[in-house]
Amino acid sequence: MNLAVIQYNAGNIRSVLFALDRLGVKADLTGDPDRIRRADKVIFPGVGEANTTMRFLREKGLDEVIRSLRQPVLGICLGMQLLCDHSEENDTECLGIIPQHVRLFRPQSGEKVPHMGWNTLELSPDSWLGSDLQDQFVYFVHSYYVEPGPYTAASTHYVQPFSSVVRKDNFYATQFHPEKSGKVGEAILRTFLDI
């Protein structure tokens, strides 16, 4: 399998490569549009700030590359948020692939923001994840969330319910970090790789 991990100005990309390596999968870390388009599958990970990242993607032409992809694509954390229409983080227009909005957590009962730590998955009836992942714990670090909607494949509750997994067509995404979520995260990465 030819697997591309999109290289851009985001942090935490190397941890995805290490997780794939633990699964015995070699990936091509690249920002080259042709190599990304030729890949069998693409991972769009990241930690960072939405506005700066979208500006970088536009400058490099990677926004159009990502929109044009027809193979399975997995967005992780910031990668998931950037697949959406708009983020409240610095009023950012995102890629517009998943017609959802990204909102800032507004604590109601003294919750800490960012949401950092382990929380559970509640799978949607038509989730692309296996039913054995219902109520399993995964690792989150985020201050912004994707609203629940028709593309929600799993939700999590912190401050309020939010989309922890989404899917639209060939675009799959997780708000949490599967690469930091132990055996459950490995199972999720494997599920994507087997699509």
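Shown above is the structure to which this text applies.
An account of the accompanying structure is given in this report. Since we're looking at a predicted model, the values are computed, not measured.

### Some thoughts on the overall build of the protein chain
Assigned secondary structure in the protein chain consists of six helices and 14 strands. Rg of the C-alpha trace for the protein chain: 15 Å, near the compact-globule value of 16 Å for 195 residues, within the 12% margin. The principal-axis extent of the C-alpha atoms belonging to the protein chain is close to 45 × 35 × 25 Å. Of all 195 residues assigned to the protein chain, the portion counted as buried reaches 54%. In the protein chain, once contacts between residues fewer than 6 apart in sequence are set aside, the share between residues at least 24 apart is 68%. Surface exposure of the protein chain reaches about 8500 Å², of which carbon and sulfur atoms provide 47%. The averaged location of the 24 negative side-chain charges in the protein chain is 5 Å from the averaged location of its 20 positive side-chain charges.

### Side note on the side chain of Asp63
Among the structural elements, Asp63 can be located in helix 4 (residues 62-68). Judged by relative accessible area, which is 8%, Asp63 ranks as buried. For Asp63, the residues in contact, after removing those within four places along its chain, are Leu57, Arg58 and Leu95.

### Description of the environment of Asn9
By the element assignment, Asn9 lies in the loop between strand 1 (3-6) and helix 1 (13-22). Take Asn9: its relative accessible area is 33%, and that puts it in the partly exposed class. Spatially, the C-alpha atom of Asn9 lies 9.7 Å from that of Glu49, the residues being 40 residues apart in sequence. Once residues within four sequence positions are removed from consideration, Asn9 is found in contact with Thr52, Thr53 and Phe56.

### Topic: the pairing of strand 12 (residues 152-158)
With six of its seven residues buried, strand 12 lies for the most part within the structure. Across two bridges, strand 9 (residues 122-123) lies against strand 12 in antiparallel orientation. Along strand 12, the bridge assignment pairs Glu122 with Ser155. Where strand 12 and strand 13 (residues 160-168) come together, six bridges link them in antiparallel fashion. Bridge pairing in strand 13 places Ser155 opposite Ser163.

### A closer look at helix 1
Along helix 1, the residues that are buried comprise Ile13, Ser15, Val16, Leu17, Ala19 and Leu20. If you follow the buried residues of helix 1, they end up packed against strand 1, strand 2 (27-30), strand 3 (41-44), strand 4 (73-76) and helix 6 (182-193).

### So, the side chain of Ser15
Along the chain, Ser15 falls in helix 1. Residue class for Ser15 comes out buried when judged on its relative accessible area of 16%.

### Details of the packing of aromatic side chains
Overall, the coordinates contain 10 aromatic pairs when judged by the stated rule. Taking 5.6 Å as the distance between ring centres and 80° as the angle between the ring planes, the aromatic pair formed by Phe105 and Phe162 counts as edge-to-face. Linking Phe105 in the loop between strand 7 (98-104) and strand 8 (115-120) with Phe162 in strand 13, this pair joins segments that are 57 residues apart in sequence. For the residue pair Phe105 and Phe162, the accessibility class agrees, reading buried in each case. Put simply, the rings of Phe105, Phe140, Tyr145, Tyr158, Phe162 and Phe176 touch in pairs and so form one group of aromatic residues.

Here is what the cut-offs are and how they apply
Residues numbered from 1 in each chain as written. Predicted model: local features only at pLDDT ≥ 70, side-chain atom pairs only at ≥ 80, totals over all residues. Heavy atoms only, no water. Helix = DSSP H or I, 4+ residues; strand = E, 2+ residues; numbered from the N terminus. Rg over C-alpha atoms; globule rule 2.2 N^0.38 Å. Buried < 20%, exposed > 50% of the residue type's maximum accessible area, 1.4 Å probe, protein only. Contact = heavy atoms within 4.5 Å. Areas by Shrake-Rupley, 256 points an atom, 1.4 Å probe, with all protein chains shown as cover. Lys, Arg positive; Asp, Glu negative; His and termini not counted. Charge placed at Lys NZ, Arg CZ, Asp CG, Glu CD. Pairing = 2+ DSSP bridges. Phe/Tyr/Trp six-rings, centres within 6.5 Å; stacked < 30°, edge-to-face > 60°.

Read these as spatial facts, not as claims about activity.
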